[in-house]
Amino acid sequence: MTAPRTSIHGEWSTRLAFILAATGSAVGLGNIWKFPYITGENGGGAFVLVYLLCIACIGIPIMMAEVLLGRRGRQSPINTMATLSAEIGHSSHWKYLGWAGVLAGFLILSYYSVIAGWALAYAFRTGSGVFINVTADGAGSIFGRFIADPEKLLAWHTVFMVMTTVIVARGVRSGLEKAVRFLMPTLFVLLLVLVGYAMNSGEFNRAVSFLFDADFSKISADSVLTAMGHAFFTLSLGMGAIMVYGSYLPKDTSIARTSIIIAVMDTLVALFAGLAIFPLVFANGLEPGSGPGLIFQTLPIAFGHMDGGTFFGTLFFVLLVFAAWSSAISLIEPAVAWLVENRKQNRVYAAAVVGLLTWLLGLLTVLSFNLWSDVKPLAFVEKFQNSTFFDLLDYLTSNIMLPLGGLLIAVFAGWLMDRKATMEELDIHDHLHVGYRIWRVLVRYVAPIAVAIVFLKVTGILDVINNLF
Ligand code: PHE
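Within any chain, residue numbers begin from 1 and follow the written order of that chain's sequence. The predicted origin of the model limits local features to residues at a pLDDT of at least 70 and limits the giving and counting of side-chain atom pairs to 80 or more, whereas totals for whole chains, interfaces and linings rest on all residues. The side-chain quantities take in all heavy atoms of the structure and omit both hydrogens and water.

### Examining the side chain of Arg 74
Secondary structure is summarised from DSSP: a helix means a run of H or I of at least four residues, a strand means a run of E of at least two, and numbering begins at the N terminus for each. On the secondary structure map, Arg 74 appears in the loop between α3 (45–73) and α4 (77–87). Side-chain polar atoms of Arg 74 contact the backbone oxygen of Ser 247, separated by 2.8 Å. Whenever a nitrogen or oxygen atom comes within 3.5 Å of another N or O atom, the pair is scored as a polar contact, on the condition that within protein one atom can donate a hydrogen and the other can accept it, and that pairs from neighbouring residues in sequence are kept only if both atoms are in side chains.

### A word on the packing of helix α12 (residues 255–283) against helix α13 (residues 294–305)
Contact geometry of α12 with α13 gives a least axis separation of 9 Å together with a crossing angle of 80°. Comparing the axis directions of α12 and α13 gives the class roughly perpendicular. Across the interface between the two elements, Ile 277, Phe 278, Leu 280 and Val 281 from α12 touch Leu 294, Ile 295, Thr 298, Leu 299 and Ala 302 from α13. Residue composition of the contact of α12 with α13, by class: eight nonpolar, one polar and no charged. Note on geometry: axes are C-alpha line fits, over the in-contact stretch for helices, and angles between N-to-C directions span 0 to 180 degrees. Any angle that is under 35 degrees is reported as roughly parallel, and any over 145 degrees as roughly antiparallel; angles of 65 to 115 degrees are reported as roughly perpendicular and all others as oblique. The contact definition used throughout considers only heavy atoms, calling two residues in contact when any of these lie within 4.5 Å. Classes in brief: Ala, Val, Leu, Ile, Met, Phe, Trp, Tyr, Cys and Pro nonpolar; Asp, Glu, Lys and Arg charged; the others, Gly included, polar.

### Observations concerning the pattern of salt bridges
Criterion for a salt bridge: a side-chain nitrogen of Lys or Arg within 4 Å of a carboxyl oxygen of Asp or Glu. Here the structure, examined in full by the defined rule, presents eleven salt bridges. Note that Lys 383 is salt-bridged to Asp 222, the shortest N-O span being 3.2 Å. Of this pair, Lys 383 sits in the loop between α15 (347–368) and α16 (389–416) while Asp 222 sits in helix α10 (residues 221–234), and the two are 161 residues apart along the sequence. Between Glu 425 and Lys 251 there is a salt bridge, and its shortest N-O distance comes to 3.2 Å. Placement of Glu 425 in helix α17 (residues 419–425) and of Lys 251 in the loop between α11 (241–246) and α12 is noted, with a sequence separation of 174 residues between them.

### Here's the deal with the layout of surface pockets
Cavities and pockets are defined on a 1 Å grid built over the protein atoms alone: a cavity is a set of grid points where a 1.4 Å probe fits but cannot escape, while a pocket is an open set with protein on both sides within 12 Å along at least five of seven lines, and lining residues are those with an atom within 4 Å of any such point. Grid points are joined across faces, edges and corners, and a volume is the space filled by probe spheres set on the points. Computed from the structure, the largest pocket encloses a volume of approximately 500 Å³. As for the largest pocket, its lining consists of 19 residues, of which Glu 41, Thr 226, Asp 394, Tyr 395 and Asn 399 are closest to the centre. Per element, the largest residue contribution to the lining of the largest pocket is six residues, and it comes from α16. Its residues placed into classes, the lining of the largest pocket shows six nonpolar, seven polar and six charged. In this model, the second largest pocket occupies a volume close to 390 Å³. As for the second largest pocket, its lining consists of 24 residues, of which Met 64, Ile 255, Ala 256, Leu 426 and Ile 428 are closest to the centre.

### Digging into the packing of aromatic side chains
Geometrically, a pair of aromatic rings is defined through the distance of the ring centres and the angle of the planes. Two rings from Phe, Tyr or Trp (for Trp, the six-membered ring) form a pair when their centres sit within 6.5 Å of each other. Planes less than 30 degrees apart are called stacked, planes more than 60 degrees apart edge-to-face, and all others tilted. Evaluated as defined, the whole model comprises 32 aromatic pairs. Judged by centre distance (5.5 Å) and plane angle (75°), the ring pair of Trp 118 and Phe 296 falls under edge-to-face. One end of the pair, Trp 118, is in helix α5 (residues 95–128); the other, Phe 296, is in helix α13, and 178 residues separate them in sequence. Taken individually, Trp 118 and Phe 296 each receive the classification buried, so the pair is uniform in this respect. Aromatic side chains Phe 316 and Phe 317 sit 5.4 Å apart centroid to centroid with 80° between the ring planes, which places their arrangement in the edge-to-face category. The two residues Phe 316 and Phe 317 agree in class, both being buried. Remark: a charge is flagged as sitting over a ring if the NZ atom of Lys or the CZ atom of Arg is within 6 Å of the ring centre and within 35 degrees of the ring normal. Looking at Lys 34, its charged tip hangs above the ring of Phe 233, at a distance of 4.1 Å from the centre. The classification of residues rests on relative accessible area computed with a 1.4 Å probe and restricted to protein chains. Under 20% of the type maximum is buried, over 50% is exposed, and intermediate values are partly exposed.

### Brief notes about the site of the ligand
One heavy atom within 4 Å of a molecule or strand makes the whole residue count as near it. Near the ligand lie 15 residues; those nearest to it are Ala 26, Gly 30, Tyr 112, Phe 233 and Ser 236. Take Ala 26: an N or O atom from its main chain is 2.9 Å from an oxygen atom of the ligand. Methods summary: accessible areas were calculated by the Shrake-Rupley approach with a probe of 1.4 Å, and residue burial reflects only the protein chains presented. Protein chains shield 100% of the accessible area of the ligand, which is 320 Å² for the free molecule. In a pocket analysis with a 2 Å cut-off to the grid points, the ligand is assigned to the largest cavity. Where the shell around the ligand is concerned, the elements lending two or more residues are α1 (15–26), α2 (29–41), α10 and α14 (309–342). Of the residues in the shell around the ligand, the class split is seven nonpolar, eight polar and no charged. In this description, a molecule resides in a pocket or cavity if more than half of its atoms sit within 2 Å of the grid points defining it.

And the structure:
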């Protein structure tokens with residue numbers, strides 16, 4: 001039997017529309033800005049390997065679980081969790097999982113928007129030709145001066161938040177679905193052009209070995225947590241973005257195939273970004289671990305020296321903004337969908353409220369790079385001694401909230417939900433279906449246990465337990 005629910009927010013027009021929207025959510029700053037710099041900070045190959053393993057064994061099964069829950073519940077993640085838990089006779093407290101997701105989305109977007117603002121600013125700068133023949137030092141100092149100016153960061157953050165709010169207010173289908181259809185493939189091609197440039201002008205071999213030679217002595221438990229957290233972040237998992245997109249998914253779409261396509265595309269974009277950036281890092285004597293400014297300090301060098309660089313550079317940053325934009329809307333869609341459902345607010349008002357709150361919280365990130373760069377709110381904890389508000393927001397959301405959310409989603413779909421219901425959503429009619437059995441093992445055992453072990457290890461609890469024996 002099929003669940004008779006339909007979504008009050010409408011449905012995607014086609015399966016392709018869902019793939020594009022979900023890929024739009026997944027592919028964003030996480031792939032092009034964050035993946036390269038955290039790979040640099042965590043020593044390269046071994047980190048990349050752990051990240052890829054997490055995508056395959058934790059990310060894909062949890063993505064399937066999220067889409068499945070969303071499509072069955074057909075509402076915002078908060079109400080979906082409430083409805084589905086009632087359906088199987090479990091506590092309605094599961095709705096707090098939806099709430100935690102709303103909170104995570106709000107916290108993430110507050111800093112995401114500031115960084116997307118950097119990309120916007122860089123589209124204009126590259127267009128103005130300031131990077132022509134720029135040296136590594138020059139690009140570094142332009143970036144340094146830019147982030148030291150809170151007013152500029154605030155202005156660009158404001159522009160990006162307005163852009164995001166407007167699209168969410170209009171409903172996902174009318175604007176972004178169309179834009180993403182054309183923009184994502186273009187971004188992909190442009191990344192390939194950059195990889196081509198890096199192959200010829202940078203230290204490509206060094207970059208390849210940096211990215212793919214795994215030296216496990218370089219990583220710690222914390223790096224493993226970062227890799228795992230990033231797998232959630234980059235696939236938009238653990239906070240309900242994919243769940244809410246799943247709730248608009250037509251009934252006859254294969255969840256497994258779609259999830260795999262999305263994860264593969266997302267991963268390819270990240271790896272290409274790495275292959276475009278690290279050859280330039282090494283050729284210009286830059287530091288791979290130089291943090292969030294990495295792409296803004298390296299790519300302008302490439303654009304400054306290649307033929308047509310001003311054009312390609314501008315196009316690249318414009319596309320990056322679009323990639324960030326299609327991710328940003330999915331970060332607040334769960335909150336907006338809930339306000340529309342429960343408060344009977346119209347979408348425009350709901351989007352404006354959420355947008356304004358996010359904008360305000362974004363001030364913490366704006367200031368983290370300049371006036372408050374010395375403010376270390378958790379300085380009394382050794383690990384966070386040097387962490388600014390931005391660092392803490394990022395750590396809390398990617399490394400704690402998303403994996404924890406994912407763990408609970410896996411437990412819900414794997415242990416609490418009726419086996420028959422999950423089979424029905426995945427369109428499987430045979431108990432012995434190999435794909436289904438693999439999914440079940442991953443979602444019941446592998447994903448939750450892996451997340452739990454990493455948490456226990458990082459918090460030191462695992463060591464305490466080990467010492468007991
Ligand atoms: N996946 C997006 C990116 O990589 C970020 C994101 C995280 C979007 C969580 C939605 C939910 O940039």
